[in-house]
Amino acid sequence: MKNLMNTDCLPILRIFPYDWGLATRIKTRLNLRVRNLKLLVTGGLGFIGSNFIRHMLVKYPGYEIINLDKQTYAGNPDNLKDIEKNPNYKFICGDICDSKVVNKLMEKVDHVVHFAAESHVDRSIEDASVFVKTNVLGTFTLLDAALRHNIRKFIHISTDEVYGSINQGLVCGN
Ligand SMILES: NC(=O)c1ccc[n+]([C@@H]2O[C@H](COP(=O)([O-])OP(=O)(O)OC[C@H]3O[C@@H](n4cnc5c(N)ncnc54)[C@H](O)[C@@H]3O)[C@@H](O)[C@H]2O)c1
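Since we're looking at a predicted model, the values are computed, not measured.

1. Focus on the overall build of the protein chain
Okay, so step 1: The helix and strand inventory of the protein chain stands at seven helices and five strands.
Okay, so step 2: From first element to last, N terminus to C terminus, the protein chain shows the α and β order α-α-β-α-β-β-α-β-α-α-β-α.

And the structure:
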């Protein structure tokens, strides 16, 4: 098993210890050898997004990262308190459904990593509307803007609750 691993992915594995495949896919898709990449990260105050941003700023100090997050109950500014003053990091409090904000930010970046979501599925039993709005309309708004602004790569981090489950076999994330 160890022989199959690309050791280049080990730092990302530290933040995604539970999912080797996810770490490998993010790294491969971003082509991390590109210098001074400009990234729009959505949902960067959340659990995975905040760890991703911190990791990228430490590992690739030349990269510029804009974090677009609505700061919902799930977003915690303390998650990134330590990098608030990093000149290569900018936080924008906003909604991924807001096409005006999204289009403006897409002008400034060449890659997008999309984590923003209503991820606490149990809450959708009470009210599913915000789930549809953020997870469907928000993702559409980002994809639409990405097309308009010739974004080089768009990575959507999601879950089987969005992609759907399969009855048998494996799903390749590519
Ligand atoms: N945490 C896990 O173990 C796990 C596992 C598999 C898949 N995922 C998926 O990965 C993605 C990220 O997960 P997470 O655990 O970091 O989620 P999280 O709930 O911790 O964070 C989501 C972030 O998105 C922000 N957000 C919500 N609605 C927004 C909107 N309309 N506009 C802008 N920002 C908004 C929130 O403020 C929050 O900071 C989700 O799609 C989730 O389903 C998570």
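2. Digging into helix α6 (residues 129–148)
Okay, so step 1: Its 20 residues place the ends of α6 27 Å apart at the C-alpha level, agreeing with the 28 Å of an ideal helix rising 1.5 Å per residue.
Okay, so step 2: Its axis deflected by about 25 degrees at L137, α6 carries its strongest bend there.
Okay, so step 3: Residues T134, N135, G138, T139, T141, L142, A145 and A146 constitute the buried set of α6.

3. Points about the site of the ligand
Okay, so step 1: In the vicinity of the ligand there are 27 residues, among which G43, G46, A74, G75 and A117 approach most closely.
Okay, so step 2: Mapped by element, the contributors of at least two residues to the shell around the ligand are α3 (47–59), β2 (64–69) and α6.
Okay, so step 3: When residues in the shell around the ligand are grouped by element, the largest group, three residues, is from α3.
Okay, so step 4: Per-class residue counts for the shell around the ligand are eleven nonpolar, twelve polar and four charged.

4. Some words on the confidence of the model for the protein chain
Okay, so step 1: Mean pLDDT for the protein chain: 85, with 76% of residues reaching 70 or above.
Okay, so step 2: Taken together, the stretch residues 1–13 has pLDDT below 50 and engages in twelve contacts with residues farther than four places along the chain or on a different chain.

5. Thoughts on unusual backbone geometry
Okay, so step 1: A positive phi is found at Q71, a non-glycine position, where the angle reads about 55 degrees.
Okay, so step 2: Here Q71 is to be found in the loop between β2 and β3 (89–93).
Okay, so step 3: A positive phi angle, close to 50 degrees, is found at N150, a residue other than glycine.
Okay, so step 4: Under the C-beta neighbour-count criterion, N150 is labelled exposed, with 8 such atoms within 10 Å.

6. Quick notes on the sheet that holds strand β4 (residues 111–114)
Okay, so step 1: Within the open sheet, the five strands sit side by side as β3-β2-β1-β4-β5. Their pairing is parallel. Pairing within the sheet leaves two strands with one partner each, and these edge strands are β3 and β5 (153–156). Adjacent strand axes in the sheet meet at a mean angle of 15 degrees when their direction is disregarded.
Okay, so step 2: When strand β1 (residues 38–42) meets β2, the two strands line up parallel, connected through five bridges. Paired with T42 across the bridge in β2 is L68.
Okay, so step 3: Its contacts with the sheet put α3 on β1, β2, β3 and β4, and the angle it makes with β2 is roughly 170 degrees.

7. Let's talk about the nonpolar core
Okay, so step 1: Formed by 28 residues in total, the largest nonpolar core has its most connected members in L39, L40, V41, I53, I65 and V113.
Okay, so step 2: Among the elements of the structure, β1, α3, β2, α4 (99–106), β4 and α6 are those that each provide at least two residues to this core.
Okay, so step 3: The greatest single-element share of this core, amounting to four residues, is contributed by α3.

8. So, the environment of F52
Okay, so step 1: Tracing the sequence through the fold places F52 in helix α3.
Okay, so step 2: Residues F52 and V113, 61 residues apart in the sequence, show an inter-C-alpha distance of 9.6 Å.

Quick notes on the rules
- Residues numbered from 1 in each chain as written.
- Predicted model: local features only at pLDDT ≥ 70, side-chain atom pairs only at ≥ 80, totals over all residues.
- Helix = DSSP H or I, 4+ residues; strand = E, 2+ residues; numbered from the N terminus.
- Expected span 1.5 Å × (residues − 1).
- Bend = angle between axes of the 7 residues up to and from the residue.
- Buried ≥ 20, exposed ≤ 12 C-beta atoms within 10 Å, placed from the backbone.
- Near = placed C-beta within 6 Å.
- Nonpolar A, V, L, I, M, F, W, Y, C, P; charged D, E, K, R; others polar.
- pLDDT = per-residue confidence, 0-100.
- Contact = placed C-beta atoms within 7 Å.
- Pairing = 2+ DSSP bridges.
- Axes fitted to C-alpha atoms, helices over the stretch in contact; angles between N-to-C directions.
- Core = buried A, V, L, I, M, F, W, Y, C linked by C-beta atoms within 7 Å.

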